[in-house]
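Residues per chain are reported as follows:
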Amino acid sequence: MVLWHMVLATLWAQAPTVEQSIGMKTVGAAAISPNGVWVAWTETAADWDQNAYVTHIWVAKRAGGPARQLTQGKKSANSPAWTPDSALVSFASDRDGKGQVYVIPPDGGEARAITKSETAVGDYEWSPDGKSLAYTAAEVESKAKKERKEKYGDFEIVEGDYTLSQLWVQPVNGKAEQLTKSGERTVGGFSWSPDSTRIAFAASKDPDLSHRETTDLFIVDLADKAMRALVAGPGIESNPMFSPDGREVAYQWNPGEPNSYLNGHLFAVPAGGGAARRLAARFDENPSLAAWCATGLYFTGLERTATGLFRVKGDSAERIGSGGFASFSKDCTAAAFALAKPNEPMEIWTADLANFAPRKLTDQAAQWKPYSTAVREVVRWKSEDGAEIEGVLIKPRNFDPSKKYPLLVVIHGGPTGIDTPALSPDRYYPIERFVEKGALVLRPNYRGSAGYGEKFRSLNVRNLGVGDAWDVVSGVDSLVAKGFVDRSRVGAMGWSQGGYISAFLTCASDRFKAISVGAGISDWMTYYVNTDIHPFTRTYLKATPWDDPEIYRKTSPISYIKTAKTPTLIQHGELDKRVPPPNAYELYQALKDRGVETRLVIYKGFGHGIDKPKQMLHVMEENEKWFDKYLFSER
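Scope of this entry: the structure provided in the associated data block. (Residues numbered from 1 in each chain as written. Predicted model: local features only at pLDDT ≥ 70, side-chain atom pairs only at ≥ 80, totals over all residues. Heavy atoms only, no water.)

### Thoughts on the overall build of the protein chain
Looking only at helices and strands, the protein chain has twelve helices and 36 strands in total. At 25 Å, the protein chain has a C-alpha radius of gyration in line with the 26 Å of a compact globule built from 635 residues. Along the first, second and third principal axes, the C-alpha atoms of the protein chain reach 75 × 70 × 55 Å. Of all 635 residues assigned to the protein chain, the portion counted as buried reaches 54%. Put simply, of all contacts in the protein chain between residues at least 6 apart along the chain, 55% involve residues at least 24 apart. Accessible area of the protein chain: about 27,200 Å², with a carbon and sulfur share of 50%. Across the protein chain, the mean location of the 75 positive side-chain charges is 3 Å away from that of the 76 negative side-chain charges. (Helix = DSSP H or I, 4+ residues; strand = E, 2+ residues; numbered from the N terminus. Rg over C-alpha atoms; globule rule 2.2 N^0.38 Å. Buried < 20%, exposed > 50% of the residue type's maximum accessible area, 1.4 Å probe, protein only. Contact = heavy atoms within 4.5 Å. Areas by Shrake-Rupley, 256 points an atom, 1.4 Å probe, with all protein chains shown as cover. Lys, Arg positive; Asp, Glu negative; His and termini not counted. Charge placed at Lys NZ, Arg CZ, Asp CG, Glu CD.)

Below you can see the structure in the form of structure tokens.
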């Protein structure tokens, strides 16, 4: 009888509703204690009452045992770390107003604040000797700025008014001291030397994203506050990390725009200054430093639809296993990391590095058990120019290849984003609901996507939109050719760069029954003069609109508006600086003028992303209704 009830429950199980999907918890970065005994991590859940996603810290013994929620309340707790003696968990929170760093015992108790910064604490890191905490914080508004505001009211001088972040050190028993000079640079990532006497840090002239190429590396000596440049030159130096003996500093270097088709590289430079040496030069992706200890220099990097953990081995990289956001014990014998296996949700795992047999610490999969979920698999096809494209095909569990299904294409952002076959709560587009209604979903890793090497990411240089559309349409055609896709019922959607590609398909293709454009670019000229990342466009199109108006015309969706026929939903944040809303209004008005059915929704108070549950609920329900109308004939 019990078995029969289980069978019935499986048969009756449905996909989660949009609201249920938004309400699911997700895990974030893990932090293993220096002694390797404990692991802390974050879990985020929707709080509908205050319309916010709230994050809290959880802990568990690495050897096994129950997990414990360590922080509580309406305010989030982020950035878990451990004191060097492994006695306390630290975290950042604005629970008392301004963002500060707190500590709490791993077995529970009252949290107490360590910092008393006048402005919110940004990044922070414990000194190896446990006596101090270094952190970044924005400068307090100057007297001159306050007087200006009182006299003239509030205004901004573009590329003239910046709030810089400075580096501070807070003794456990003492008063915080600012290490860097106000008004000179804005500080990014930093790292303590093993003897706790120096800090290496990255800093740029200001926080303008268009000026990231000014980021260089510096070292400050805590004894006399003397500061010197360590690495300065073209490109972006970031994420410094001392060697175990303190003699070298490893760092990441990117030749220009970080979100680009060019690979970043790893280097090490003598801490006293000198020539840098390149590490793992044959690694063909963007490496992210994780730890440097006696057993080696570790980093993570994408490899197709997975994230790998690697150790530098001369010019190459030794693969240790799978896992992202990795954290290491002090001796690097153990690690904790986030990992999502195919058709499973992201979980927190731990492993000994000697044999790397990961063991799961969380059970995020439990919240999915009441539901019937779609099946994900990686598929490949050839694009119009012969490039091999990968994507994730999402199918119902009872998929029948002899049937013809509607197809919905969901396009990721970036362009250096990536879609994987992991199970995750839906955001922006209700994928599980679409599949339950009888559709297939294709998530293409179009040219430019990360995980496939620099050459692949270069394929949409001066070919944005055009080549991307080839990859999407050829993916549709490959599934149609297999006989299980209804060619007359195909839709497309995406956010950010995915929104741009969707806009391109709206204007330049008649292959789709309906399209949804989320925070998408419609005109590269409009985008270029409004965005907060001007170098992005120059990097990919290799010109400004004043130097080469033709490439801007060729790659802009609006250039093809006279061929537009597809009903198009447009969604955009009112305060979006990355893809400013004039792009949405331009596409909307052009479609209206052409007599194409369109609907524009502007989300008040939001930037490039929708970061509150109630508005996310509306975004997803709008998309479900739009495609119900055009692909599923539900009125």
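So, next bit.
### So, the nonpolar core
Judged by nonpolar contacts, the single largest core of 57 residues is most densely connected at L407, L505, F512 and W524. The element best represented in this core is helix α6 (residues 466–481), accounting for seven residues. Here L505 is in contact with I411, A469, V472, V473, A492, F512 and I515, once residues within four sequence places are set aside. Formed by 33 residues, the second largest nonpolar core is a distinct cluster that contains I22, V441, L569 and F632. (Core = buried A, V, L, I, M, F, W, Y, C linked by side-chain atoms within 4.5 Å.)

### Quick word on the pattern of salt bridges
Once the charged atoms of two side chains with opposite charge are near each other, the side chains can pair. The tally for this structure, following the rule as stated, stands at 30 salt bridges. Taking the shortest distance from any N to any O, the salt bridge between E303 and R319 comes out at 2.7 Å. Of this pair, E303 sits in strand β22 (residues 296–303) while R319 sits in strand β24 (residues 316–322), and the two are 16 residues apart along the sequence. A relative accessible area of 42% places R319 in the partly exposed class. Where salt bridges share partners, they join R433, E436, K437, E624 and D628 into one cluster. (Salt bridge = Lys/Arg side-chain N within 4 Å of Asp/Glu carboxyl O.)

### Concerning the sheet that holds strand β26 (residues 334–339)
Two strands in a sheet stick together by hydrogen bonds in their backbones, pointing the same way (parallel) or opposite ways (antiparallel). Within the open sheet, the four strands sit side by side as β25-β26-β27-β28. Their pairing is antiparallel. Two strands bound the open sheet, and with one partner strand each, they are β25 (324–328) and β28 (359–360). (Pairing = 2+ DSSP bridges.)

### A closer look at the pairing of strand β6 (residues 89–93)
Within β6, five of the five residues are buried, leaving the element largely enclosed by the surrounding structure. Side chains V89, F91 and S93 project from β6 onto one buried face, and the interleaved S90 and A92 project onto a second face that is buried too. Two strands pair when backbone bridges link them, and strand β5 (residues 78–82) and β6 are joined in this way by three bridges, in the antiparallel orientation. Following the sheet pairing, W82 is matched in β6 by V89. Between the antiparallel neighbours β5 and β6 lie six residues, among them S86 with a positive phi of about 65°. As judged from the five bridges shared by β6 and strand β7 (residues 100–104), these two strands associate in the antiparallel manner. Counterpart to A92 in the pairing with β7 is V101. Hairpin connection from β6 to β7: six residues lie between these consecutive antiparallel strands, with G97 at a positive phi of about 115°.

### Points about the packing of aromatic side chains
Under the definition given, this model contains 29 aromatic pairs. Summarising the aromatic geometry, the rings of F299 and F310 are spaced 5.4 Å apart at their centres and angled 20° between planes, so their arrangement reads as stacked. Pair noted here: F299 is in strand β22 and F310 is in strand β23 (residues 306–313), with a separation of eleven residues, a long-range link. Since its relative accessible area comes to 5%, F310 is described here as buried. (Phe/Tyr/Trp six-rings, centres within 6.5 Å; stacked < 30°, edge-to-face > 60°.)

### Focus: empty space enclosed by the protein
This structure, assessed with the given rule, holds two cavities of 30 Å³ or more. Approximately 40 Å³ is the volume found for the largest cavity. If you trace the largest cavity, you find it lined by G264, H265, L266, R278, L279, A280, A281, F283, E285 and P287. Taken together, the elements giving at least two residues each to the lining of the largest cavity come down to β19 (265–270) and β20 (277–279). (1 Å grid on protein atoms, 1.4 Å probe; cavity = no way out; pocket = protein on both sides within 12 Å on 5 of 7 lines; lining within 4 Å. Points joined across faces, edges and corners; volume = space filled by probe spheres on them.)

### What to know about the state of the cysteines
One pass over the full model with this rule turns up one disulfide. The side chain of C293 participates in a disulfide bridge whose partner is C332; the two sulfur atoms lie 1.7 Å from each other. Its S-S torsion of about -115° marks the bond between C293 and C332 as left-handed, since a negative value means left-handed. One end of the pair, C293, is in strand β21 (residues 288–293); the other, C332, is in the loop between β25 and β26, with 39 residues separating them in the sequence. (Disulfide = S-S within 2.5 Å.)

### Observations concerning a nonpolar patch on the surface
A cluster of nonpolar side chains, Y152, F155 and I157, forms an exposed patch at the surface whose accessible area comes to about 320 Å². Topologically, Y152 is positioned in helix α3 (residues 143–152). (Patch = residues over 30% accessible without salt bridge, like charges linked within 9 Å, V, L, I, M, F, W, Y side chains within 5 Å.)

### Re the pairing of strand β32 (residues 440–445)
Burial analysis of β32 places five of its six residues in the buried class, the great majority of the element. Pairing analysis gives three bridges linking strand β31 (residues 405–411) to β32, with the strands arranged parallel. When the bridges of β32 are listed, L408 appears paired with V441. For the crossover that starts at β31, traverses helix α4 (residues 431–436) and ends in the parallel β32, the hand is right-handed. (Right-handed = clockwise from strand over helix to strand, strands pointing away.)

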